[in-house]
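The primary structure of each chain is shown beneath.
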Amino acid sequence: MTTATTPAAYAESLFGLEGRLAAVTGASRGIGLAIADCLAAAGADIIAVGSGRPGGDDEVREAVEARGRKLIAVTADLADREQVAALAADLAARDVDILVNNAGTIRRAPATMHSDEEFDHVVDVNLRSTFVLSREVGRTMVERGSGKIVNTASVLSFQGGVTVPGYTSSKSAVTGLTKALANEWADKGVNVNAVAPGYVATANTHDLRADPERSRAILDRIPAGRWAEAADIAGAVLFLCSRAADYVHGAVLPVDGGWLAR
Ligand SMILES: NC(=O)c1ccc[n+]([C@@H]2O[C@H](COP(=O)([O-])OP(=O)(O)OC[C@H]3O[C@@H](n4cnc5c(N)ncnc54)[C@H](OP(=O)(O)O)[C@@H]3O)[C@@H](O)[C@H]2O)c1
């Protein structure tokens, strides 16, 4: 029970992140940028994990600092095992309160032409890095007795998708990993959950939106009648990072305009 006496104080008691340190992978653009901005607006300082692309932290730095919060930029290619291990050690040493495993990549090719390299790359970035970062940062959260981890699934965690077998495999596994970690850490004060975005207008879906037929077919199936903006996903992540979600463990929250309900 909160003792807050005004609506603003009540909202702050449930959703405020003042004093928290949140690490967000893939924070340079798209959904990750919106998440970093949203968590900063709620009061968190942000560690933005970028791939090392020149200028990759410019937009997120501007957004977070405009919220009056601190931005720490770190880089790692999440497809590179050594770099992921070094990043995990770095984050584990920083007493991170919140970890958002958002970075992701996709390769589009029919299964008969989907190469080992494409499959492995997508699985390494989307799934393997999520596990390694969660394991290392999660250990510090377990020791401290508190923490929130939010993984990024997809509606393709529940469906086969079209010509993206590596991506669908990785995102289906992210939901299994989320539940496995939640089972282990729920009684240790650590919440592990996932969001499952629907179709969001970002670089990830550029090719779909550039194809008039696919784009129309997707839009026609979305009950909300529009593609998502990155900011649509960020509010759900804030919820899962907040005190309001203290009793939410192992959930995979679709944020899809009703796509899966259809
Ligand atoms: N867009 C959608 O419709 C949709 C739907 C469901 C789920 N998702 C998931 O949501 C997450 C964010 O997607 P988005 O749409 O915002 O995609 P996006 O605009 O393509 O952004 C991807 C982010 O991941 C980072 N990244 C990619 N490969 C990386 C690597 N090897 N090492 C380090 N960072 C890497 C990128 O960094 P750089 O900027 O430095 O390249 C970028 O910040 C992903 O997990 C994606 O699978 C997206």
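Residues numbered from 1 in each chain as written. Predicted model: local features only at pLDDT ≥ 70, side-chain atom pairs only at ≥ 80, totals over all residues. Heavy atoms only, no water.

Draft legend 1. Structural context of the overall build of the protein chain. The number of helices and strands found in the protein chain is nine helices and seven strands. Whereas a compact globule of 262 residues would reach a radius of gyration of roughly 18 Å, the protein chain reaches 18 Å, a difference of no more than 12%. Its C-alpha atoms give the protein chain principal-axis dimensions of roughly 55 × 40 × 40 Å. Going through the 262 residues of the protein chain one by one, you find that 47% of them count as buried. Taking all contacts inside the protein chain whose residues are at least 6 apart in sequence as the whole, residues at least 24 apart take part in 73%. Surface summary for the protein chain: the accessible area is close to 12000 Å², and the carbon and sulfur share equals 52%. (Helix = DSSP H or I, 4+ residues; strand = E, 2+ residues; numbered from the N terminus. Rg over C-alpha atoms; globule rule 2.2 N^0.38 Å. Buried < 20%, exposed > 50% of the residue type's maximum accessible area, 1.4 Å probe, protein only. Contact = heavy atoms within 4.5 Å. Areas by Shrake-Rupley, 256 points an atom, 1.4 Å probe, with all protein chains shown as cover.)

Draft legend 2. Region of interest: the site of the ligand. Taken together, 28 residues surround the ligand, and among them Ser28, Arg29, Ser51, Tyr167 and Thr202 come closest. One of the side-chain nitrogen or oxygen atoms of Arg29 is found 2.6 Å away from an oxygen atom of the ligand. A distance of 2.8 Å separates an oxygen atom of the ligand from a polar atom in the backbone of Val200. Burial of the ligand by the surrounding chains reaches 93%, relative to a free accessible area of 900 Å². Looking at the shell around the ligand, the elements that each hand over two or more residues are helix H2 (30-41) and helix H6 (165-185). Looking at side-chain class alone, the shell around the ligand contains twelve nonpolar, twelve polar and four charged residues. (Near = heavy atom within 4 Å. Polar contact = N/O pair within 3.5 Å; in protein donor to acceptor, adjacent residues only side chain to side chain. Nonpolar A, V, L, I, M, F, W, Y, C, P; charged D, E, K, R; others polar.)

Draft legend 3. Representation of the pairing of strand E3 (residues 71-75). Taken together, the five bridges between strand E2 (residues 45-50) and E3 define a ladder with parallel strand orientation. Bridge pairing in E3 links Ala48 to Ala73. The parallel pair E2 and E3 is bridged by helix H3 (residues 58-66), and the resulting crossover is right-handed. (Pairing = 2+ DSSP bridges. Right-handed = clockwise from strand over helix to strand, strands pointing away.)

Draft legend 4. Highlighting the pattern of salt bridges. Tallied over the full model, the rule gives 14 salt bridges. Where Arg144 meets Asp95, a salt bridge forms, and the shortest distance between an N and an O atom there is 3.7 Å. Taken together, the residues Arg144 in helix H5 (residues 116-144) and Asp95 in the loop between helix H4 (81-92) and strand E4 (98-101) connect sequence positions 49 residues apart. Since its relative accessible area comes to 48%, Asp95 is described here as partly exposed. Residue Arg226 is joined to Asp232 by a salt bridge in which the shortest nitrogen-to-oxygen separation is 2.8 Å. (Salt bridge = Lys/Arg side-chain N within 4 Å of Asp/Glu carboxyl O.)

Draft legend 5. Layout of the sheet that holds E4. One open sheet holds the seven strands; their spatial order is E3-E2-E1-E4-E5-E6-E7, and the pairing between them is parallel. Edge positions in the open sheet fall to E3 and strand E7 (252-255), since each of these has one partner strand only. If you compare each strand with its neighbour and ignore which way they point, the axes differ by 20° on average. (Axes fitted to C-alpha atoms, helices over the stretch in contact; angles between N-to-C directions.)

Draft legend 6. Representation of H3 in the model. All buried positions along H3 are accounted for by Val60, Ala63 and Val64. Down the axis of H3, the buried set is contained in an arc of 90°. They therefore lie on one face. In H3, the exposed positions angled more than 90 degrees off the buried face are occupied by Glu62 and Ala66. (Arc of directions from axis to C-beta.)

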